[in-house]
Amino acid sequence: MRLFQVQKLLRGSQPVGALPSERDVLARTIHIAWPSILESFLVSLVGMIDTVMVSGLGTYAIAAVGLTTQPKFIGLAIFLSLNVAVSALVARRRGENDRESANKVLAQAIVIVLLLTLVISVLCVVFADPIIRMAGSAEDTHADAVSYFRVIMGGMVFNVLSLVINAAQRGAGNTKIAMRTNIVSNLVNMLFNYLLIEGHFGFPRLGVTGAAVATVIGTVFACGMSIASILRKDSFLDIRLAKHIRFDKKTLGTIANIGSSTLAEQVFLRIGFLIYSIIVANLGTVAFAAHQIGMNLMSISFSFGDGLSVASVTLVGQSLGAKRPDMAKVYGGVCQRLGIVFAVVLSIIFVSLGRPIFSLFSNEEAILSYGEMIMSLLAVVVFLQISQVVFSGCLRGAGDTRYTALVSLISVAVVRPGLGWLFCYPLQLGLFGAWLGLAVDQMVRFLMTWVRFRKGKWTSIKI
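Let us look at the structure shown here. Values in this document were obtained by computation on a predicted structure and should not be read as measured data.

### Regarding the overall build of the protein chain
Point 1. Along its length, the protein chain carries 16 helices and 0 strands.
Point 2. The C-alpha radius of gyration of the protein chain comes to 22 Å, within 12% of the 23 Å expected for a compact globule of 463 residues.
Point 3. The principal-axis extents of the C-alpha atoms in the protein chain amount to approximately 60 × 45 × 35 Å.
Point 4. Considering only contacts within the protein chain whose residues lie at least 6 apart along the sequence, 82% involve residues at least 24 apart.
Point 5. Put simply, the protein chain shows about 18500 Å² of open surface, and 65% of that area lies on carbon and sulfur atoms.
Point 6. Looking at charge distribution, the protein chain has the averaged site of its 39 positive side-chain charges lying 12 Å from that of its 23 negative ones.

This is the structure:
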């Protein structure tokens, strides 16, 4: 338990009140974190299984689905930023025990989501062809990528509505609800993948498009479960308490204050990731397919950091709402150290089982060779990745979203694509150069978020 000693985690800061034992702190952190970790892990695992199932169609199919990833997240950027604001605000209101205000935040967020979805969904469907071409598609991947993108973005309303409700539930500490909805969604997704990609039991053989249809069907189930979770009288979040959904200046102002910075962060992230993806796509279909497999595996390691980041948003937000900045620091430190434990385990797996894991996706020697290189780098990157994601979660939970946006601008929008291009082409390192640029990006983000967390000024931000 020395790794989680409360006094050590305070780093010389004076406690504001009585401090719980290390066992109690760890138990509460794990209670909040494990559903989020499991949820995020299952989402990443299903993404990996999707890729495995699609890979049966050929290398081009892996690349086609991969091409849609960054355009899809650019379309979702405004919703992801809104979700961070909703989660942080509901967590703060839960700490203040202000149930009415928490439900007002959720109700207004749902209306905003529905209005924005109508606009973004239509634009993405209509302009899918030029969007995917801009993403770097080749002749053998373009048509399938466009079809996949249109289906995903055409049915995005179910996904974004579920996401915003689950974000509010996480802020309230109800992380198991989001976990359950995602488990059901993922199981439905895998079932229909099996039925629609290859066409089993009389279902049509839709190939890559079938994978997109399966994903949308899964989100329909998740959306229904999420809506049901906010129609319970015994829940902290009960949408019926917001009897008249009216926009009020204070709530909208607070959402905009946090959400605008997070939106800027998401825009920087997605533009950087898109440019980086185009750089790799220009290396050819085989290299991009290997890269896409590597990114799927990287998302598995990210899921552990992401789950802990969700927990840190909740724990930090609730601690600051209860006027306990000391406990916000403690919970942030516990989440980061738990992340290191996960990183050690993942690193060992990546080093010892890299090639066998890659062989699940493809038996092409060129891809397996790329895989050995990617997994060796991932074994190191995982430590930086998980730590910076947790530190960023702590800062977002406190409302320090402008700084996290700055980190994304510098690291993801400039460092990763800039060094990725330099290493790939002028220095002629190919795919290794692209992943080397990614590793430097993770190092920069880790250093910037770690320094900010250590200074502790984020604990005094008012939202």
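### A look at the packing of aromatic side chains
For any pair of aromatic rings, geometry is given as the distance between the ring centres together with the angle between the planes.
Point 1. Under the definition given, this model contains 8 aromatic pairs.
Point 2. Plain terms: the ring middles of Phe-304 and Phe-342 are 4.9 Å apart, the flat faces sit at 35 degrees to each other, and that makes the pair tilted. Pair noted here: Phe-304 is in helix α12 (residues 285-321) and Phe-342 is in helix α13 (residues 325-358), with a separation of 38 residues, a long-range link.
Point 3. Looking at Phe-342, the relative accessible area reads 27%, which means it is partly exposed.
Point 4. Each ring, one from Phe-446 and one from Trp-450, has its centre 6.4 Å from the other, and the planes form 15 degrees; the classification is stacked. You can see Phe-446 and its partner Trp-450 sitting in helix α16 (residues 430-455), 4 residues apart, about one turn around the helix.
Point 5. In this structure Trp-450 comes out as partly exposed when scored by relative accessible area, which is 33%.
Point 6. Grouped by ring-pair contacts, the aromatic residues Phe-391, Phe-446, Trp-450, Phe-453 and Trp-458 constitute a single cluster.
Point 7. Above the face of the Phe-236 ring, Arg-94 is positioned so that its terminal group lies 4.6 Å from the ring centre.
Point 8. The ring of Tyr-276 has Arg-416 lying over it, and the distance from NZ or CZ to the ring centre is 5.1 Å.

### So, the nonpolar core
Point 1. Counting residues in hydrophobic clusters, the biggest one holds 106 residues, and the most contacted among them are Val-90, Leu-237, Leu-297 and Trp-435.
Point 2. Tallying contributions element by element places helix α14 (residues 365-397) first for this core, with 12 residues.
Point 3. In this structure, Trp-435 is in contact with Tyr-276, His-291, Gly-294, Met-295, Met-298, Ile-374, Leu-377 and Leu-378, ignoring residues within four places of it in sequence.
Point 4. Judged by nonpolar contacts, the second largest core, of 14 residues, contains Leu-320, Ala-328, Val-407 and Phe-453.

### So, the side chain of Thr-459
Point 1. Position of Thr-459 relative to the elements: it lies in the segment after α16.
Point 2. With relative accessibility at 17%, the residue Thr-459 sits in the buried group.
Point 3. Within the structure, Thr-459 has its side chain in polar contact with the backbone oxygen of Gly-456 (distance 2.8 Å).
Point 4. With near-sequence residues (within four places) excluded, Thr-459 lies in contact with Leu-320, Pro-325 and Lys-329.

### Here we look at the environment of Ile-279
Point 1. Within the secondary structure, Ile-279 is located in helix α11 (residues 249-281).
Point 2. Residues Ile-279 and Leu-431, spaced 152 residues apart in sequence, show a C-alpha to C-alpha distance of 9.6 Å.
Point 3. For Ile-279, the residues in contact, after removing those within four places along its chain, are Pro-417, Gly-420, Trp-421, Cys-424 and Tyr-425.

### Some points on the packing of helix α15 (residues 401-424) against α16
Point 1. At a minimum axis separation of 8 Å, α15 and α16 run at an interaxial angle of 160 degrees. Of the possible angle classes, the one that applies to α15 and α16 is roughly antiparallel. Crossing angle aside, the handedness with which α15 passes α16 is right-handed.

### Thoughts on unusual backbone geometry
Point 1. Although it is not a glycine, Lys-323 adopts a positive phi angle of roughly 60 degrees.
Point 2. With respect to the helices, strands and loops of the structure, Lys-323 is situated in the loop between α12 and α13.
Point 3. Owing to a relative accessible area of 57%, Lys-323 belongs among the exposed residues under this scheme.
Point 4. In this model, Gln-428 sits at a positive phi of 55 degrees, which is unusual for a non-glycine residue.
Point 5. Assignment of secondary structure puts Gln-428 in the loop between α15 and α16.
Point 6. Overall, the relative accessible area of 69% leaves Gln-428 in the exposed class.

### Let's talk about the environment of Leu-106
Point 1. For Leu-106, the location among the structural elements is in helix α5 (residues 99-126).
Point 2. For the pair formed by Leu-106 and Phe-273, sequence separation is 167 residues and the distance between their alpha carbons is 30 Å.
Point 3. Those residues in contact with Leu-106 that lie beyond four places of it in its chain are Val-164, Ile-165, Ala-168, Ile-230, Leu-237 and Ile-239.

Definitions and cut-offs
Residues numbered from 1 in each chain as written. Predicted model: local features only at pLDDT ≥ 70, side-chain atom pairs only at ≥ 80, totals over all residues. Heavy atoms only, no water. Helix = DSSP H or I, 4+ residues; strand = E, 2+ residues; numbered from the N terminus. Rg over C-alpha atoms; globule rule 2.2 N^0.38 Å. Contact = heavy atoms within 4.5 Å. Areas by Shrake-Rupley, 256 points an atom, 1.4 Å probe, with all protein chains shown as cover. Lys, Arg positive; Asp, Glu negative; His and termini not counted. Charge placed at Lys NZ, Arg CZ, Asp CG, Glu CD. Phe/Tyr/Trp six-rings, centres within 6.5 Å; stacked < 30°, edge-to-face > 60°. Buried < 20%, exposed > 50% of the residue type's maximum accessible area, 1.4 Å probe, protein only. Lys NZ or Arg CZ within 6 Å of the ring centre and 35° of its normal. Core = buried A, V, L, I, M, F, W, Y, C linked by side-chain atoms within 4.5 Å. Polar contact = N/O pair within 3.5 Å; in protein donor to acceptor, adjacent residues only side chain to side chain. Axes fitted to C-alpha atoms, helices over the stretch in contact; angles between N-to-C directions. Parallel < 35°, antiparallel > 145°, perpendicular 65-115°, else oblique. Left-handed = near helix turned anticlockwise from the far one by under 90°.

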